[in-house]
Amino acid sequence: PAARTMARYGGVFEPKEVEDAPDPKQAIDEKCEASCTKAMEAYDKCKERIDAKGSGECAGYFGDYVHCIDSCASKALFKHLV
């Protein structure tokens, strides 16, 4: 990258190139799945009922599962933001 002039401070700087760090969320989410088995079981039961019935939706049950994963993951994830 080209050097940039900081006229206000009378200096020249070159921005550092920063490597993209791997996203830890996926690994944390996988660890949290064990603590959210009840929510996943409720969602699976709903899907079975819908498949047998032929209509309906399970968005609420899936939302409960995602909320469980996010709540669990947030405790560990914010440690990585420092």
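Below, the structure is looked at part by part. These numbers were taken from a predicted model, which means no experiment stands behind them. (Residues numbered from 1 in each chain as written. Predicted model: local features only at pLDDT ≥ 70, side-chain atom pairs only at ≥ 80, totals over all residues. Heavy atoms only, no water.)

**Some words on the packing of helix α2 (residues 37-53) against helix α3 (residues 59-77)**
Axes are the key here: two packed helices are described by the angle between their axes and the distance separating the axes. Contact geometry for α2 and α3: axes closest at 8 Å, N-to-C directions at 160 degrees. In terms of orientation, α2 and α3 fall into the roughly antiparallel class. Regarding α2 and α3, the two cross each other, and that crossing is left-handed. Only Y61, F62, D64 and Y65 of α3 make contact with α2, whose side of the interface consists of A39, M40, A42, Y43, C46 and R49. Considered class by class, the residues forming the contact of α2 with α3 number eight nonpolar, no polar and two charged. (Axes fitted to C-alpha atoms, helices over the stretch in contact; angles between N-to-C directions. Helix = DSSP H or I, 4+ residues; strand = E, 2+ residues; numbered from the N terminus. Parallel < 35°, antiparallel > 145°, perpendicular 65-115°, else oblique. Left-handed = near helix turned anticlockwise from the far one by under 90°. Contact = heavy atoms within 4.5 Å. Nonpolar A, V, L, I, M, F, W, Y, C, P; charged D, E, K, R; others polar.)

**Focus on the environment of G63**
For G63, the position within the fold is in helix α3. With a relative accessible area of 34%, G63 lands in the partly exposed category. Considered as a pair, G63 and A39 are 24 residues apart in the sequence and their alpha carbons are 9.2 Å apart. (Buried < 20%, exposed > 50% of the residue type's maximum accessible area, 1.4 Å probe, protein only.)

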